[in-house]
Amino acid sequence: MPKVDYTGADIKKIVEKENVRFLRLMFTDILGTIKNVEVPVSQIDKVLENKMMFDGSSIEGFVRIEESDMCLYPDLSTWMIFPWEAEHGKVGRLICNIYTPDGKPFLGDPRGNLKRVLKEMKKQGFTSFNIGPEPEFFLFKLDQNGEITTDLNDKGGYFDFAPTDLGENCRRDIVLELEKLGFEVEASHHEVGPGQHEIDFKYADAIEACDNIQTFKLVVRTIARKHGLHATFMPKPLFGIAGSGMHCNMSLFDGKENVFYDKKGEMELSQTAYQFLGGLIEHARAYTAVCNPLVNSYKRLVPGYEAPVYVAWSGHNRSPLIRVPESRGVSTRLELRSVDPSANPYLAIAVLLAAGLDGIKNNLTPPPAVDRNIYVMTEEERHAAQIHDLPSTIHNAIKVLRKDQVMIDALGQHIFNNFVQAKKMEWASFRQTVSDWEREHYLELY
């Protein structure tokens, strides 16, 4: 979206002109869930003076009850008016950073943490980290009571269209709403799985890209419900069909120069690009816990459904973890294919940037490109090609994360501790649950 440097006076004028009645102050918790505090427009001066407070002890991974007060500092460049909420007066939106009452950035704020990592990037001589996300989602039908069913809205496949693609009208309305909000939508289409869709929007710098992902999720869910559908970003909602990913296209800039591009380099990639790639390879198993944070995420990361399973890279092959798309010049980029849309985007981008910067700092060299279909290689062949497996469960991924100090530093100790604790509890709950699969296979036999 085009970024506008609004002032408080600008926003107050827009509020009056557009008859905005409510202000929605949004932020994201450690698990990636969008939270908000909504106030009447009469509180606008308090909002603009960073004086809105909330109880942080009620937010996942924030603070203990005895230190609960948190302050919302709105980022005025994120101002927008939601086009669909005009029945009781329009609703304006501001995304906020979280501060402590003494005016210091809160260490548990994922957005603030990403800003911290971006400062480290600038110390290394780079000005921006651009992200082009490709989020996928499923549309399920709602029943007559508005409850979610497991019935998909269509039986379409990759690039199908109406009448097979019954989600086309819903997807088109989502695109129209996104454009009203300033998104530059580049493509939208039916994905491989029935009821599965993808909408791609233009890349942006890291903070704005993460803000866009969170806004995108909100728009998709809101418009889907107007069509009697439920949109889910769950990575693998159904057995036997492809899961949903969120491929992340990454490029590092110094001013207007894409530092990944070198016309004279191998594959027209610069040494910096190869070092960044080396860092992504080196830390891949550790950042998987952050980029694939659910128990369910690992039902997607299995052979046979196009999702990556092995740590490798290629310029052409689509089976490795990282691909180098054909575009060069200013569009030169690395595409990480493992990330799924359940990830907290602020945390995911923070660890990916930190991994790449570590590669540059330590002059890491990636292993040779793998231009074969890795899924048909033997274990011996993969070992010889320095290809390692991604973790198979969130439990295993957390174990790797806990040993990688670069990734821990990228999250910060507060977020790391709370994230690991939450995932340990999630895994413990999953381990204790008896599934239908177990009953179907064992109840009669044993």
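As shown above, the structure is provided for reference.
Described in the following lines is the structure provided in the data block. Counting of residues starts from 1 at the beginning of each chain's written sequence and follows it residue by residue. In keeping with the predicted nature of the model, local features appear solely for residues at pLDDT of at least 70, side-chain atom pairs appear and are counted solely at 80 or more, and the whole-chain, interface and lining totals rest on all residues. Hydrogens and water are ignored here; the side-chain numbers use all heavy atoms of the structure.

Topic: the overall build of the protein chain
In DSSP terms, a helix is any run of H or I states spanning at least four residues, a strand is any run of E spanning at least two, and both are numbered starting from the N terminus. Helices and strands together make up the secondary structure of the protein chain, namely 14 helices and 18 strands. Along the first, second and third principal axes, the C-alpha atoms of the protein chain reach 65 × 60 × 45 Å. Exposure categories follow from relative accessible area, calculated using a 1.4 Å probe and restricted to protein chains: below 20% of the type maximum is buried, above 50% is exposed, and the middle band is partly exposed. Here the protein chain holds 446 residues, and 54% of them are scored as buried. Only carbon and sulfur atoms are counted for the fraction: they give 50% of the accessible area of the protein chain, which is about 20,900 Å². Computed with the Shrake-Rupley method and a 1.4 Å probe, the accessible areas treat only the protein chains shown as cover for residues.

Brief notes about unusual backbone geometry
Trans is the prevailing form of peptide bonds, just as negative phi is the prevailing case for residues other than glycine. Non-glycine residue M267 carries a positive phi angle of around 60 degrees. Given the relative accessible area of 30%, M267 is considered partly exposed.

Describing helix α3 (residues 110-123)
Multiply 1.5 Å by the residue count of a helix minus one, and that product is the helix's expected span. For α3, with 14 residues, the first-to-last C-alpha span of 20 Å sits near the 20 Å given by 1.5 Å per residue. Looking at α3, one finds that the buried residues are P110, R111, N113, L114, V117, L118 and M121. End-on view of α3: buried residues confined to an arc of 155 degrees, all on one side of the axis. The exposed set on the far side of α3, more than 90 degrees from its buried face, consists of K119, K122 and K123. Two residues or fewer after α3 comes G125, characterised by a positive phi angle close to 100 degrees. Read the arc as the range of directions from the helix axis to the C-beta atoms.

Overview of the sheet that holds strand β3 (residues 52-55)
Across the sheet, five strands lie side by side as β2-β1-β5-β4-β3; this open sheet has mixed pairing. Each end of this open sheet is capped by a strand with a single partner; those strands are β2 (34-40) and β3. On average, adjacent strands in this sheet sit at an angle of 40 degrees to one another, irrespective of strand direction. Where strand β1 (residues 20-28) meets β2, seven bridges bridge the pair, whose relative direction is antiparallel. Its bridge partner being in β2, R24 is matched across the sheet by E38. The contact definition used throughout considers only heavy atoms, calling two residues in contact when any of these lie within 4.5 Å. Between N-to-C directions, angles span 0 to 180 degrees; the directions come from axes that are lines fitted to C-alpha atoms, helices contributing only their stretch in contact. Contacts from helix α1 (residues 8-17) reach β1, β4 (69-82) and β5 (90-99) within the one sheet, and its direction differs from that of β4 by about 60 degrees. The criterion for strand pairing is that DSSP finds at least two bridges linking the strands in question.

Overview of the environment of Q144
As for its position among the elements, Q144 is in the loop between β6 (128-142) and β7 (148-152). As for Q144 and I398, which are separated by 254 residues in sequence, their C-alpha atoms are 41 Å apart.

A short note on the pattern of salt bridges
Take a side-chain nitrogen of Lys or Arg and a carboxyl oxygen of Asp or Glu: if they are within 4 Å of each other, that pair is a salt bridge. Tallied over the full model, the rule gives 13 salt bridges. Between E49 and K51 there is a salt bridge, with the nearest N and O atoms lying 3.4 Å from each other. In this structure E49 comes out as partly exposed when scored by relative accessible area, which is 46%. In this structure, D436 and R439 form a salt bridge, with 2.9 Å as the shortest nitrogen-oxygen distance. Of the two residues, D436 and R439 are both situated in helix α14 (residues 436-442); the distance of three residues between them amounts to about one turn of the helix.

What about the packing of aromatic side chains?
Aromatic pairing here means that ring centres of Phe, Tyr or Trp (its six-membered ring) are within 6.5 Å. Orientation follows from the plane angle: under 30 degrees is stacked, over 60 is edge-to-face, and everything else is tilted. All chains considered together, the criterion is met by 15 aromatic pairs. Here the aromatic residues F137, F183, F201, F216 and F233 are joined through ring pairs into a cluster of three or more. Sitting over a ring, as applied to charges here, requires NZ of Lys or CZ of Arg to be within 6 Å of the ring centre and within 35 degrees of the ring normal. Stacked on the ring of F233, the Lys or Arg K217 has its end atom at 5.8 Å from the ring centre.

Topic: the nonpolar core
Ranked by internal contacts, the top residues of the largest apolar core, which has 98 residues, are F129, L252, F276, Y287, I322 and L401. A per-element tally of this core places helix α9 (residues 345-361) first, with twelve residues. Leave out the neighbours within four places in its chain, and F129 touches L118, M121, A204, D205, A206, M250, S251, L252, F276, I349 and L353. Residues enter a nonpolar core if they are buried and are Ala, Val, Leu, Ile, Met, Phe, Trp, Tyr or Cys, with the set joined through side-chain atoms within 4.5 Å. With 19 residues, the next largest nonpolar core counts V20, L25, F27 and I98 among its residues.

Quick notes on the pairing of β4
Regular strands place their side chains on alternate faces of the sheet. The buried fraction of β4 is high, at ten of 14 residues. By the bridge criterion, eight bridges tie β4 to β5 in an arrangement that is antiparallel. Residue F82 lies in a different strand from β5, and its bridge partner there is V91.

As for a positive patch on the surface
Residues qualify for a patch when their relative accessible area is over 30% and they have no salt bridge, like charges being joined within 9 Å and the nonpolar side chains of Val, Leu, Ile, Met, Phe, Trp and Tyr within 5 Å. Under this rule, positive means Lys or Arg and negative means Asp or Glu; His and the chain ends count for nothing. Taken as the charge location is NZ of Lys, CZ of Arg, CG of Asp or CD of Glu. A cluster of basic side chains, namely K3, K115, K119 and K122, defines a positive patch on the protein surface. By the element assignment, K122 lies in helix α3.

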